[in-house]
Amino acid sequence: MDYFVSIDGYFRAGRKGGYGFIIRDNVGKPIVASAVASTEAVSFLYHLVEGITRAVELAVEFSLRDIRLFCNAKHVVRLVNRAVQTVSGCRLHCNLKNHFDVICKICVKKRVKEEYGLVFPLLKRIGQLQDEFHTQLQTVKVSKERNKAADYLAKNAAPGTEVLHPCNFPDELKEILCTDYVSGVELFRMTSVVVVILVLKKMVQCFHLNSYGNLFSCFRVVFFLYAVMIL
């Protein structure tokens, strides 16, 4: 089963930095959330990667292995995906000495430059967790509109570490999650309609080719999607 983590960072120079994330199951039910703020604002990149590290740690604590992480910062998505891809070795820099420490140092340095010293230990920790607990992590770019829950948590985080369970979610966060759920259901139904149309076209082709075995398989797909869409 896949578990979904929506995450966002927060940074205001000289004032506050932090992150917020929420972990949900494959049907959108919230499992746990976290909102952390620090008066020592470092950088947006640092606090976001810090949040990703904590999210993976928390997922491991809850015995969640297959994680899809949603983030609206494209450069962070590319950075994390590249880093975790090198846990078992880096094809680009495999012959260079002293370049590897759980993940590829060169790959990280090319993408973060000045903040390498701050960010590399966090990415290394993610790599260690993935290797030790066989966690599968995939980071996906989403729009800011689809990341409102994490944005809310990051902006409203209080100093210190705070873990929130669904029973303690504030009302505003619950409203955002309800909207996300409804939007997700509607998106699935719209996608299912397109799939049904394509499968029906395939059925017509199978009928003309007298391929009745494939025709029966297509009918089963259409029946299943129709049952889902009318729920």
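Procedures and definitions
- For every chain, the first residue of the written sequence is number 1, and numbering continues from 1 along that sequence.
- The predicted nature of this model means local features are confined to residues of pLDDT at least 70 and side-chain atom pairs, given and counted, to a pLDDT of 80 or more, with totals for whole chains, interfaces and linings taken over all residues.
- Excluded from the side-chain calculations are hydrogens and water; all other atoms, namely the structure's heavy atoms, are used.
- Within this document, salt bridges are pairs made up of a side-chain nitrogen of Lys or Arg and a carboxyl oxygen of Asp or Glu, the two lying within 4 Å of each other.
- Helix and strand labels come from DSSP, where a helix needs a run of H or I of at least four residues and a strand needs a run of E of at least two; each type is numbered from the N terminus.
- Whether a residue is buried, partly exposed or exposed follows from its accessible area with a 1.4 Å probe, protein chains only, as a fraction of its type maximum: under 20%, in between, or over 50%, in that order.
- By nonpolar core is meant a set of buried Ala, Val, Leu, Ile, Met, Phe, Trp, Tyr and Cys residues that side-chain atoms within 4.5 Å join together.
- By definition, residues are in contact when any of their heavy atoms lie within 4.5 Å.
- To pair, rings of Phe, Tyr and Trp, with the six-membered ring standing in for Trp, must have centres within 6.5 Å; the planes then decide the type, stacked if under 30 degrees apart, edge-to-face if over 60, and tilted in the middle.
- pLDDT measures the predictor's confidence residue by residue and takes values from 0 up to 100.

### Quick word on the pattern of salt bridges
Under the counting rule described, the total for this entry stands at 8 salt bridges. Between Arg54 and Glu57 there is a salt bridge whose closest N-O contact spans 3.6 Å. Pair noted here: Arg54 and Glu57 are both in helix α1 (residues 44-61), with a separation of 3 residues, about one helical turn. Arg54 sits in the buried class, given a relative accessible area of 18%. Here Glu57 falls in the partly exposed class, since its relative accessible area comes to 22%.

### So, the nonpolar core
Core analysis: the largest hydrophobic core is formed by 41 residues, its most contacted members being Val108 and Leu123. Listed by contribution, the elements that provide at least two residues to this core are β1 (2-12), β2 (16-24), β3 (30-38), α1, β4 (66-71), α2 (74-85), α3 (105-112) and α4 (116-133). For this core, the element with the highest residue contribution is α1, accounting for 10 residues. Aside from chain neighbours lying at most four places away, what touches Leu123 is Val49, Leu79, Val80, Ala83, Ile103 and Val108. The next biggest cluster of nonpolar side chains, apart from the first, holds 13 residues, and it includes Ala33, Ala149, Leu153 and Phe169.

### Quick look at the packing of aromatic side chains
All told, the structure shown has 3 aromatic pairs when counted by the stated rule. Ring plane angle 20° and centroid distance 5.6 Å describe the contact between Phe4 and Phe70, whose orientation is recorded as stacked. In this pair, Phe4 is assigned in strand β1 and Phe70 in strand β4, connecting sequence segments 66 residues apart. You can call Phe70 buried: its relative accessible area is 19%. Considering the side-chain rings of Tyr19 and Phe21, the 6.1 Å spacing of their centres and the 10° angle between planes classify their relative orientation as stacked.

### What about the confidence of the model for the protein chain?
A residue-level look at the protein chain finds 77% of positions with pLDDT of 70 or above and a mean pLDDT of 82. Of all secondary-structure elements in the protein chain, the lowest mean pLDDT belongs to helix α7 (residues 212-229), at 54, while α1 reaches the highest, 95. Note that residues 185-191 has pLDDT below 50 and, in this model, 4 contacts with residues that lie over four places away or in other chains.

### What about unusual backbone geometry?
Phi angles above zero are rare outside glycine, and Val102 is one such case at about 70°. Relative to the elements of secondary structure, Val102 occurs in the loop between β5 (100-101) and β6 (103-104). Not every positive phi belongs to a glycine, and His134 is a case in point at roughly 55°. Among the secondary structure elements, His134 is positioned in the loop between α4 and β7 (136-141).

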